[in-house]
There are 2 protein chains.
Amino acid sequence: MTPTPIGLAGLGTIARKQHLPALAATPALRLVAIADPAGGLDGLPAYPDIDALLAAEPEIAALTLCTPPQGRFDQAAAAIRAGRHVMLEKPPGPSVSEVETLAALARARGVTLFATWHSRAAAAVEEARRRLAQATIRAVEITWKEDVRRWHPGQDWIWQPGGLGVFDPGINALSVVTQILPERLHPMAAVLEVPANRQTPIAAQIRMRTASGVPVGADFDWRQTGPQTWEIRVLCDGPEIVLSDGGATLSVGGQTQIAAGDAEYPRLYARFAELIAAGASEVDLAPLQLVADIFLLGERRLVEAFDG
Amino acid sequence: MTPTPIGLAGLGTIARKQHLPALAATPALRLVAIADPAGGLDGLPAYPDIDALLAAEPEIAALTLCTPPQGRFDQAAAAIRAGRHVMLEKPPGPSVSEVETLAALARARGVTLFATWHSRAAAAVEEARRRLAQATIRAVEITWKEDVRRWHPGQDWIWQPGGLGVFDPGINALSVVTQILPERLHPMAAVLEVPANRQTPIAAQIRMRTASGVPVGADFDWRQTGPQTWEIRVLCDGPEIVLSDGGATLSVGGQTQIAAGDAEYPRLYARFAELIAAGASEVDLAPLQLVADIFLLGERRLVEAFDG
């Protein structure tokens with residue numbers, strides 16, 4: 001089968017670290033052009049923006065957007081209107097309404113839109129989902145604690161309006177928990193700790209519930225030095241089920257069942273190719289919806305200023 | 001036709017001022033019981049809470065909830081699980097996720113869920129929608145300015161997390177604009193002015209756009225003494241279309257077309273009866289979605305403390 005020619009927009013850290021190697025490992029797709037104002041890659045045509053790429057490369061069937069979510073609507077809409085399939089790095093946009101509009105545009109134009117959640121592609125997530133579908137769940141505790149200075153050194157956009165703050169990693173946890181739990185979730189209450197000199201939270205404590213009332217708690221903190229924690233513990237009738245390392249490791253009753261390396265992005269691109277072949281879209285906005293809802297009903301508390 | 005027996009929960013200001021007269025004017029429904037911890041109405045059985053009402057009154061087919069949105073999930077879920085139809089005063093809940101879960105429960109149980117937006121039932125809204133379906137729209141400007149001390153004297157819940165602040169009236173504007181515009185909307189940027197001693201905004205300036213890029217601005221302010229303004233101006237090719245008085249008045253090119261009194265709530269109850277008869281639900285969460293998205297991406301600015 002001839003690989004589908006694809007363009008990549010936004011050649012930043014996440015693109016270089018994850019998207020380029022994953023694309024190279026995906027036989028169904030072939031990277032043929034870059035759109036980035038700062039230039040491209042050796043041997044590939046590069047364009048300053050997506051409009052230029054779309055105009056110059058009519059044979060490119062698909063685009064993957066690794067640009068910041070804030071400016072992405074016009075880029076994605078232009079690609080969709082030009083009849084190209086679109087894949088969105090997480091978070092898929094700065095608001096739920098905006099991505100729902102993109103999904104409606106993609107439906108109308110008959111192209112694939114894939115709003116990715118890379119943590120859902122972590123190695124142990126599917127097995128956790130399968131086990132929890134059979135379990136009687138009593139409570140869920142999410143702990144997502146990392147050092148913002150280590151993962152986002154000197155980055156300002158995460159602190160600006162729309163930048164999500166600690167929900168930038170936290171939404172990964174929410175993308176996994178909404179995938180593995182058999183019931184829908186909604187937030188009951190939240191405390192958002194916002195540095196006095198910033199717009200977005202550096203920490204959050206969230207109380208959620210499933211439709212039938214199972215409590216789901218989340219503790220997000222961006223001030224954790226030393227060991228980093230990305231863990232979801234599920235108390236069941238029977239042995240406790242624990243997803244750790246962001247979804248790569250699964251233990252059941254203290255016994256490790258799966259402990260795998262990182263292959264999230266190759267799985268995302270394989271899925272994108274499948275969706276294109278099937279003429280389907282995948283746009284599940286539940287994780288972003290939870291974040292928007294938590295911002296809507298959360299209590300804000302000012303905490304110590306943060307200089308990163 | 002025998003009227004459907006209905007119970008009302010939450011006998012507060014909005015219930016007494018709007019819901020009771022509207023129910024009395026709706027032949028298809030008959031109010032038969034009240035659930036409110038503070039007691040009921042002369043001549044009707046009253047229960048301290050919804051669970052007591054549901055248990056004691058198996059023949060009540062429907063419930064209308066006028067309780068504060070924060071505690072409403074358990075009430076609505078209990079009624080739905082007991083097989084009763086449910087109508088929700090606006091806003092339908094404290095989060096989009098929560099009301100989506102209620103909608104899923106109602107579908108599964110085969111009962112009607114009606115998330116009302118009373119301003120959509122204002123006299124001139126349908127005619128505005130009809131005209132705008134034919135128009136080429138260039139820009140939309142929403143001005144929603146009122147005096148919080150006049151409309152919410154001494155009320156604390158509006159300033160607490162989940163209380164919406166100036167979006168409590170502002171969501172009425174958003175419910176109308178999402179009804180009359182032929183295209184979907186999403187927010188681009190917003191400034192939320194939050195009193196230093198409160199959690200929710202007292203004013204907001206919002207920039208939104210339609211799917212095709214038409215700018216939609218909104219200016220919400222709760223500090224307006226003197227004349228109160230609830231107006232949506234639509235600049236079109238051709239005469240300007242202006243909805244004012246919260247949707248009761250329509251003028252086209254400066255000529256008044258409709259100027260009617262308030263009959264919003266009787267229309268809502270007539271619609272609820274229709275939905276029950278048709279076995280259908282109506283849950284359009286676009287207005288609450290916009291508010292959640294605006295809280296998600298809006299910039300917060302602290303302003304003068306408010307003592308109301």
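Chain A is annotated in an unreviewed UniProt entry as Gfo/Idh/MocA family oxidoreductase from Paenirhodobacter ferrireducens.

Take the overall build of chain A next. When you go through chain A residue by residue, the secondary structure sums to 9 helices and 15 strands. For 308 residues, the compact-globule estimate of 2.2 N^0.38 gives 19 Å, and chain A sits close to it at 20 Å. Principal axes of the C-alpha set define a box for chain A whose edges measure 55 × 45 × 35 Å. With the model as given, the accessible surface of chain A reaches about 12100 Å², and the carbon-plus-sulfur share is 50%. When the 27 positive and 34 negative side-chain charges of chain A are each reduced to one mean point, those points stand 4 Å apart.

Ile-142, Phe-167 and Phe-220 of chain A together with Ile-142, Phe-167 and Phe-220 of chain B are the most contacted members of the largest nonpolar core, which totals 157 residues. Filtering out sequence-adjacent residues up to four positions away, Phe-167 of chain B remains in contact with Leu-192, Pro-201, Ala-204, Ile-206, Phe-220, Val-291, Ile-294 and Phe-295 of chain B.

Our next topic: the sheet that holds strand β12 (residues 241-244) of chain B. Residue and element names in this part refer to chain B. If you trace the 9 strands from one edge of the open sheet to the other, you get β14-β13-β12-β11-β7-β10-β9-β8-β15, paired in mixed fashion. The sheet terminates laterally at β14 (255-259) and β15 (299-303), the two strands that pair on one side only. On average, each strand axis in the sheet is tilted by 15 degrees relative to the strand beside it, whichever way the strands run. With 5 bridges joining them, strand β8 (residues 185-195) and β15 adopt parallel strand pairing. Bridging across to β15, Leu-192 finds its partner in Arg-300.

When chain B is fitted onto chain A, the two copies agree to an RMSD of 0.0 Å after a turn of 180 degrees and an axial shift of 0.0 Å. Look at the turn and shift together and you get a two-fold axis relating the two. Within chain B, the C-alpha atom positioned nearest to the axis of rotation is that of Ala-292 of chain B, 2.6 Å from it. Both copies share a contact surface, since 100% of the interface residues of chain B are interface residues in chain A too.

Our focus in this paragraph is the environment of Ala-33 of chain B. The residue Ala-33 of chain B is located in strand β2 (residues 29-35) in this model. Put simply, Ala-33 of chain B and Gly-170 of chain B are 137 residues apart on the chain and 32 Å apart in space, counted from C-alpha to C-alpha.

Bringing the interface of chain B and chain A into the picture now. Each partner contributes residues to the interface: chain B has 34 residues there, and chain A has 34 residues. Carbon and sulfur atoms supply 53% of the area buried between chain B and chain A, which totals about 3000 Å² over both sides. Ranking the residues of chain B by area buried against chain A places Arg-184, Leu-296 and Arg-300 of chain B at the top, with a combined share of 21%. Inspection of the chain B/chain A interface yields 4 salt bridges. One salt bridge in this structure joins Arg-209 of chain B and Asp-74 of chain A, with 2.6 Å as the shortest N-O distance. Counting residues per element, the ones that place at least two in the side of chain B that touches chain A are α3 (72-81), α4 (96-109), β8, α9 (286-297) and β15 of chain B. Ranked by the residues each element gives to the side of chain B that touches chain A, the list is headed by α9 of chain B, at 9 residues. Residues belonging to the side of chain B that touches chain A are distributed by class as follows: 16 nonpolar, 9 polar and 9 charged.

This part is about the pattern of salt bridges. Counting across every chain of the model gives 34 salt bridges over all chains. Between Asp-219 of chain A and Lys-145 of chain A there is a salt bridge, with the nearest N and O atoms lying 3.4 Å from each other. Taken together, the positions of Asp-219 of chain A in strand β10 (residues 215-221) and Lys-145 of chain A in strand β7 (residues 137-145) put the pair 74 residues apart, joining distant regions of the chain. When the shortest N-O distance is used, the salt bridge between Glu-127 of chain B and Arg-131 of chain B registers 3.0 Å. In this pair, Glu-127 of chain B and Arg-131 of chain B are both assigned in helix α5 (residues 125-134), 4 residues apart and thus about one turn of the helix distant. Salt bridges linked by common partners bring Glu-127, Arg-130 and Arg-131 of chain A together as one network.

This paragraph deals with the packing of helix α5 (residues 125-134) of chain A against helix α7 (residues 167-180) of chain A. Residue and element names in this part refer to chain A. At a closest axis distance of 8 Å, the pairing of α5 and α7 adopts a crossing angle of 40 degrees. On the basis of their axis angle, the class for α5 and α7 is oblique. Here α5 contributes Val-125, Ala-128, Arg-129 and Leu-132 to the contact with α7, which in turn contributes Val-176, Gln-179 and Ile-180. Classifying every residue of the contact of α5 with α7 by side-chain character gives 5 nonpolar, 1 polar and 1 charged.

Here we take up the sheet that holds β7 of chain A. All names here are of chain A. Reading across from one edge, β14-β13-β12-β11-β7-β10-β9-β8-β15 is the order of the 9 strands in this open sheet, with mixed pairing throughout. Two strands lie at the open edges of the sheet, namely β14 (255-259) and β15 (299-303), each paired on one side alone. Direction aside, neighbouring strands of the sheet carry axes that sit 15 degrees apart on average. Its contacts with the sheet place α7 against β7, β8 (185-195), β9 (203-210), β10, β11 (229-236) and β12 (241-244), and it is angled at close to 155 degrees to β7.

For chain A, the domain assignment lists domain 1 (4-115) and domain 2 (122-259 + 292-303). The C-alpha-based centres of domain 1 of chain A and domain 2 of chain A are spaced at 28 Å.

Right, let's get into the side chain of Ser-251 of chain B. Inspection of the secondary structure assignment puts Ser-251 of chain B in strand β13 (residues 249-252). Among all residues touching Ser-251 of chain B, those that are not within four sequence positions of it are Glu-240, Ile-241, Val-242, Thr-256 and Gln-257 of chain B.

Across all of its chains, the model carries 1 cavity of 30 Å³ or more by this definition. In this structure, the largest cavity spans a volume of roughly 40 Å³. Looking at the largest cavity, the residues that line it are Pro-161, Gly-162, Gln-199, Thr-200, Phe-295 and Arg-300 of chain A together with Leu-296, Leu-297 and Gly-298 of chain B. Residues that form the lining of the largest cavity fall into these classes: 4 nonpolar, 4 polar and 1 charged.

Our focus in this paragraph is the pairing of β11 of chain A. Put simply, side chains in a regular strand alternate between the two faces of the sheet. Residues and elements named next belong to chain A. Here β7 runs beside β11; their pairing, made up of 8 bridges, is antiparallel. Bridging from a neighbouring strand, Val-140 pairs with Val-234 of β11. Here 3 bridges tie β11 to β12, and the two strands are oriented antiparallel to one another. Bridge pairing in β12 places Ile-232 opposite Leu-243. What sits between the antiparallel neighbours β11 and β12 is a turn of 4 residues, in which Gly-238 has the positive phi angle 105 degrees.

This next bit is on α5 of chain B. Residue and element names in this part refer to chain B. Residues Val-125, Glu-127, Ala-128 and Leu-132 constitute the buried set of α5. Along the long axis of α5, the arc covered by the buried residues comes to 160 degrees, so they all point the same way. Buried residues belonging to α5 abut β7 (137-145), α7 (167-180), β11 (229-236), β12, β13 and β14.

Criteria and cut-off values
Residues numbered from 1 in each chain as written. Chains lettered and ligands numbered in written order. Predicted model: local features only at pLDDT ≥ 70, side-chain atom pairs only at ≥ 80, totals over all residues. Heavy atoms only, no water. Helix = DSSP H or I, 4+ residues; strand = E, 2+ residues; numbered from the N terminus. Rg over C-alpha atoms; globule rule 2.2 N^0.38 Å. Areas by Shrake-Rupley, 256 points an atom, 1.4 Å probe, with all protein chains shown as cover. Lys, Arg positive; Asp, Glu negative; His and termini not counted. Charge placed at Lys NZ, Arg CZ, Asp CG, Glu CD. Core = buried A, V, L, I, M, F, W, Y, C linked by side-chain atoms within 4.5 Å. Buried < 20%, exposed > 50% of the residue type's maximum accessible area, 1.4 Å probe, protein only. Contact = heavy atoms within 4.5 Å. Pairing = 2+ DSSP bridges. Axes fitted to C-alpha atoms, helices over the stretch in contact; angles between N-to-C directions. Least-squares fit on C-alpha atoms with pLDDT ≥ 70 in both. Buried area = accessible area lost by both parts, 1.4 Å probe. Salt bridge = Lys/Arg side-chain N within 4 Å of Asp/Glu carboxyl O. Nonpolar A, V, L, I, M, F, W, Y, C, P; charged D, E, K, R; others polar. Parallel < 35°, antiparallel > 145°, perpendicular 65-115°, else oblique. Domains from an automatic or database assignment. 1 Å grid on protein atoms, 1.4 Å probe; cavity = no way out; pocket = protein on both sides within 12 Å on 5 of 7 lines; lining within 4 Å. Points joined across faces, edges and corners; volume = space filled by probe spheres on them. Arc of directions from axis to C-beta.

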